[in-house]
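Results of the structural survey
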Amino acid sequence: MATYQCNGNSSAGDLVVPEIKFTKLFINGEFVDAVSGKTFETRDPRTGDVLAHIAEADKADVDLAVNAAREAFDHGAWPRMSGYERGRILNKLADLVEQRTEEMAALDGADGGKLLLLGKAMDIPFAVQMLRYYAGAADKIHGESLRLSGKYQGYTLKEPIGVVGVIIPWNFPSLMFFLKVSPALAAGCTVVVKPAEQTPLSALYYAHLAKLAGIPDGVINVLPGFGPTAGAAITAHMDVDSVAFTGSGEVGRLVMEAAAKSNLKTVSLELGGKSPLIIFDDADVDMAVNLSRLAIFYNKGEVCVAGSRVYVQEGIYDEFVKKAVEAARSVKVGDPFDASTNMGPQVDKEQFEKVLSYIEHGKSEGATLLTGGKRAGDRGYYIEPTIFADVKDDMKIAQDEIFGPVMSLMKFKTVEEAIERANCSRYGLAAGVVTRSLDVANRVSRSVRAGTVWVNCYYAFDPDAPFGGYKMSGFGRDMGVGAIDKYLQVKSVVTALPDSPWY
């Protein structure tokens, strides 16, 4: 077994810890304590030590935040501004976030174990790009003229849906915040956001920046807390008009149930994934290895579209396996604030133990452990990059979303077999295809039941490309102009025209 490079054993005194400025709930434009006075700990996954004590929202706090959001929607300026004016303010918010790129990346790095270098180069810039994209869309929301069969004039209006509950995960705290909030605000809605309890710090800071940008009080409310309390209160609230959720399928079911049992609010769900990466014989092996390494080890495997099922055609399988193992062993695991680090710690102890338990499942079910498979270092929540071969499609490691740095390698013979096995999953969020053949790429991309298919690339996200899942990966789309429609109602207006010279 390889000895992995790990700089995760640094003492607490050696670690960079960013200044934490905001730890209270943000309701109606103010930072306030929870009604109960309770707080919870957010911990540094590099060490397991407490970073800060955060105000813990509960049902009473959700009621206050929803009331503020309802007042801001029903009687406030935000939904009544022109789209141009909303866009101008959102662009100002984007400027404020961009000016604090390093600070925001550091908060997510310390709170979630994310690489500081990638936070500065990718996460925060993409969040800013997302915000500017929807700022530009805010004044382009319009209905259409209708050609009615009777003596009437008809047209449609697109109106903001109202108060939106936003519940986001911990793997991309900044990006997920703006992925949901940006189109909702552009549409003229008000929002109540529950960030993941593991990573609340950046969301609270963004609430502060929103106020500095000129977003009116009550339009954005941020409530750190736990799913069974704060999250459940948001999804069941009778004055919340819509919920946008990203997370697990299990919780997604609870969100739908609460929406149905309350006021039949609309719901959009981006849930789990078990994405296949299909590599054909004609692929450049080195490129394919690099893509597979990126697809599963980027962000320590904590990505809903991680390419965790890697299918390699038999002609290049042996060469690919050898090079993939070498690539995994070259990954440097350690402090995400160290610029030489390739992979940081899992987000918390629970996720760390979950990933290790799946590795044990892989061993017990008969998969061959090629590399990794255990803790890296003796402090914090670091795990070695792990590769299994001889994986069967019905094994837990091939069926369940592990959300960690665990690759399942499988061999296939024909295009037909690859398509069938790629679709042998309850999920359908994304897929990757590596081939030089345009015919193969087109056939596979049209046959795989997934919301996104990347050909000869991976993680090629763009604000203009809609993102969402098939099957149990959820429904509704984030990104793209169409994502705004989730936060809009369509109204038909029909006026009698009895004396018009034409119709």
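Every value quoted in this text rests on a predicted model; they were computed, and no experiment measured them.

Details of the overall build of the protein chain
- Along the protein chain, the regular secondary structure elements total 14 helices and 24 strands.
- Whereas a compact globule of 503 residues would reach a radius of gyration of roughly 23 Å, the protein chain reaches 24 Å, a difference of no more than 12%.
- Dimensions of the protein chain, computed from the C-alpha atoms along their principal axes, are close to 80 × 60 × 40 Å.
- When the 503 residues of the protein chain are sorted by exposure, 58% land in the buried category.
- Partitioning the contacts of the protein chain with sequence separation of at least 6, the portion at a separation of at least 24 is 75%.
- As presented, the protein chain carries roughly 19,700 Å² of accessible surface, and 52% of it is formed by carbon and sulfur atoms.
- Of the charged side chains in the protein chain, 53 are positive and 63 negative; the average position of the first set lies 2 Å away from that of the second.

Concerning the sheet that holds strand S24 (residues 488-496)
- Spatial strand order, S6-S7-S24: 3 strands in an open sheet with antiparallel pairing. Looking at which strands have only one partner, the edges of the open sheet turn out to be strand S6 (145-146) and S24.
- Pairing of strand S7 (residues 152-160) with S24, which is carried by 9 bridges, proceeds in the antiparallel orientation. If you follow Tyr-155 over to S24, its bridge partner there is Val-493.

Here we look at the pairing of strand S4 (residues 39-43)
- Because side chains alternate across S4, one face comprises the buried residues Phe-40 and Thr-42, and the other comprises Thr-39, Glu-41 and Arg-43, none of which is buried.
- As judged from the 5 bridges shared by S4 and strand S5 (residues 50-55), these two strands associate in the antiparallel manner. Paired with Arg-43 across the strands is Val-50, a residue of S5.
- Hairpin remark: S4 followed by S5, antiparallel, with 6 residues in the connecting loop; positive phi at Gly-48, about 85 degrees.

Some details on the packing of helix H3 (residues 101-112) against helix H6 (residues 201-213)
- Where H3 meets H6, the closest approach of the two axes is 8 Å, and the angle between their N-to-C directions is 150 degrees. Overall, the two elements H3 and H6 adopt an arrangement that is roughly antiparallel. Contacts between H3 and H6 involve Glu-103, Met-104, Leu-107, Asp-108 and Asp-111 from the former and Leu-201, Ser-202, Tyr-205 and Tyr-206 from the latter.
- In terms of residue class, the contact of H3 with H6 is made up of 5 nonpolar, 1 polar and 3 charged.

Digging into the packing of helix H13 (residues 415-422) against helix H14 (residues 438-447)
- As a packed pair, H13 and H14 sit with axes 10 Å apart at the nearest point and diverge in direction by 25 degrees. When the axis of H13 is compared with that of H14, the two are roughly parallel. Crossing handedness for the pair H13 and H14: right-handed. Between H13, through Val-415, Glu-416 and Ile-419, and H14, the contact on the second element is made entirely by Arg-443, Val-444 and Ser-447.
- Taken together, the residues of the contact of H13 with H14 break down into 3 nonpolar, 1 polar and 2 charged.

Calculation notes
Counting starts from 1 at the beginning of each chain's written sequence and moves along it residue by residue. This being a predicted model, a pLDDT of at least 70 is required before a residue's local features are given, and a value of 80 or more before pairs of side-chain atoms are given or counted; all residues contribute to the totals for chains, interfaces and linings. Side-chain descriptors were evaluated using all non-hydrogen atoms of the structure, hydrogens and water having been removed beforehand. Helix and strand labels come from DSSP, where a helix needs a run of H or I of at least four residues and a strand needs a run of E of at least two; each type is numbered from the N terminus. Atoms counted for the radius of gyration: C-alpha only. Globule rule: 2.2 Å times the number of residues to the power 0.38. When a residue's accessible area, from a 1.4 Å probe over protein chains only, is under 20% of the maximum for its type it is buried; when over 50% it is exposed; and in between it is partly exposed. Contacts are assigned to residue pairs that have any heavy atoms within 4.5 Å of one another. Each accessible area is a Shrake-Rupley result for a 1.4 Å probe, and residues are judged covered by the shown protein chains and nothing else. His is not counted, nor are the chain ends, whereas Lys and Arg count as positive and Asp and Glu as negative. To locate a charge, the coordinates of NZ of Lys, CZ of Arg, CG of Asp or CD of Glu are taken. A pair of strands is labelled paired if DSSP reports no fewer than 2 bridges between them. With axes taken as lines fitted to C-alpha atoms, and helix axes fitted only over the stretch in contact, angles between N-to-C directions fall between 0 and 180 degrees. Orientation is classified from the angle alone, with under 35 degrees giving roughly parallel, over 145 giving roughly antiparallel, 65 to 115 giving roughly perpendicular, and any other angle giving oblique. Residue type decides the class: Asp, Glu, Lys and Arg count as charged, Ala, Val, Leu, Ile, Met, Phe, Trp, Tyr, Cys and Pro as nonpolar, and the leftover types, Gly among them, as polar. Two helices that cross are described as forming a left-handed crossing if the nearer one is turned anticlockwise from the farther one by less than a right angle, and a right-handed crossing if clockwise.

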